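Coordinates in review
What follows is each chain in one-letter form.
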Amino acid sequence: IAGITQAPTSQILAAGRRMTLRCTQDMRHNAMYWYRQDLGLGLRLIHYSNTAGTTGKGEVPDGYSVSRANTDDFPLTLASAVPSQTSVYFCASSDWGRGESGANVLTFGAGSRLTVL
Amino acid sequence: SQQGEEDPQALSIQEGENATMNCSYKTSINNLQWYRQNSGRGLVHLILIRSNEREKHSGRLRVTLDTSKKSSSLLITASRAADTASYFCATDFYGQNFVFGPGTRLSVLP
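Looking at the confidence of the model for chain B
Summarising the model, chain B shows a mean pLDDT of 91, and 94% of its residues fall at 70 or more. Per-element confidence in chain B ranges from a low mean pLDDT of 80 for strand β1 (residues 5-7) of chain B to a high of 97 for strand β7 (residues 61-66) of chain B.

What follows is the structure, encoded as structure tokens:
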């Protein structure tokens, strides 16, 4: 089934540890995104990549890094986790600029629930 | 800061009734989209309306857009228990990334 695969589904992590959330898509979308979802705040963009080899900062990038070595993979790394990074993380992708008359429609993964103690 | 703000935050209705959710935004937009999120799942795209459109239909969904008031509404007609979910509006402007609102939690009671 075409879509986005995120791993792990859920993780409990000690503060100060390094963690990488994995995201893989098989739709050959050019753009990929990482959002975090916190109660009452909706989804906030962490980092994005409009095409392989490029990345950009979103609304809340501090404490996170990403890479986009190829079209399909877009891992999110927390170098030294802190409790405020406890959240549900969603990876998304889109055919940026190539959708319905250039419209940008997002396809989401199922999410990774991260708890930092 | 949030671009989109949904209203109400939570809505509870009986099966068969219509559900209306509203979204307000602050700046110019190119498109406005609505997404649904079932509990514990990712968001799913429902419908897109462009800034030059006023109304759009898709099955039991009707979306309106009033750019003069910077607002949109999502109407779900003849609601079903399966419509129970959170609904989010998202706006984008040329070359800029989406901004999502905090969502409306819809409960459809059997």
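Considerations on the packing of aromatic side chains
Scanning the model with the defined rule gives nine aromatic pairs over all chains in all. Their ring planes at 50 degrees and their centres at 6.2 Å tell us that Phe-98 of chain B and Phe-100 of chain B sit as a pair that is tilted. Classification of Phe-100 of chain B by relative accessible area gives buried; the value is 1%. Pairwise contacts between aromatic rings join Tyr-33, Tyr-35, Phe-90 and Phe-108 of chain A together with Tyr-35, Phe-98 and Phe-100 of chain B into one cluster.

Observations regarding the sheet that holds strand β6 (residues 55-58) of chain B
Residues and elements named next belong to chain B. In spatial order, the strands read β1-β3-β8-β7-β6; together these five strands make up an open sheet with antiparallel pairing. In this open sheet, the two strands that pair with only one neighbour each are β1 and β6. Neighbouring strand axes in the sheet, compared pairwise and without regard to direction, differ in orientation by 20 degrees on average. Inspection of the sheet shows β1 paired to strand β3 (residues 19-24) by three bridges, in the antiparallel sense. Bridging across to β3, Glu-5 finds its partner in Ser-24.

Section: the nonpolar core
Counting 21 residues, the largest nonpolar core has Met-21, Leu-32, Trp-34, Leu-74, Ile-76, Tyr-87 and Leu-106 of chain B as its most contacted members. Among the secondary structure elements, those contributing two or more residues to this core are β3, β4 (31-37), β5 (43-50), β7, β8 (71-76), β9 (85-92) and β11 (104-109) of chain B. Setting aside chain neighbours within four positions, we find Tyr-87 of chain B in contact with Glu-6, Met-21, Trp-34, Tyr-35, Arg-36, Leu-46, Leu-74, Ile-76, Gly-103, Thr-104 and Leu-106 of chain B. Formed by 19 residues, the second largest nonpolar core is a distinct cluster that contains Leu-21, Ala-81, Leu-114 and Val-116 of chain A.

As for the sheet that holds strand β1 (residues 4-7) of chain A
Think of a sheet as strands paired side by side through backbone hydrogen bonds, with each pair either parallel or antiparallel. Residue and element names in this part refer to chain A. Strand order across the open sheet formed by four strands is β1-β3-β8-β7, with antiparallel pairing between neighbours. Since the sheet does not close on itself, it has two edges, and those belong to β1 and β7 (64-66), each with one partner. Here the strands of the sheet are splayed against their neighbours by 15 degrees on average, with no regard to which way each runs. Across four bridges, β1 lies against strand β3 (residues 19-25) in antiparallel orientation. In the sheet register, Ala-7 faces β3, and the bridge partner there is Arg-22.

Analysis parameters
Residues numbered from 1 in each chain as written. Chains lettered and ligands numbered in written order. Predicted model: local features only at pLDDT ≥ 70, side-chain atom pairs only at ≥ 80, totals over all residues. Heavy atoms only, no water. pLDDT = per-residue confidence, 0-100. Helix = DSSP H or I, 4+ residues; strand = E, 2+ residues; numbered from the N terminus. Phe/Tyr/Trp six-rings, centres within 6.5 Å; stacked < 30°, edge-to-face > 60°. Buried < 20%, exposed > 50% of the residue type's maximum accessible area, 1.4 Å probe, protein only. Pairing = 2+ DSSP bridges. Axes fitted to C-alpha atoms, helices over the stretch in contact; angles between N-to-C directions. Core = buried A, V, L, I, M, F, W, Y, C linked by side-chain atoms within 4.5 Å. Contact = heavy atoms within 4.5 Å.

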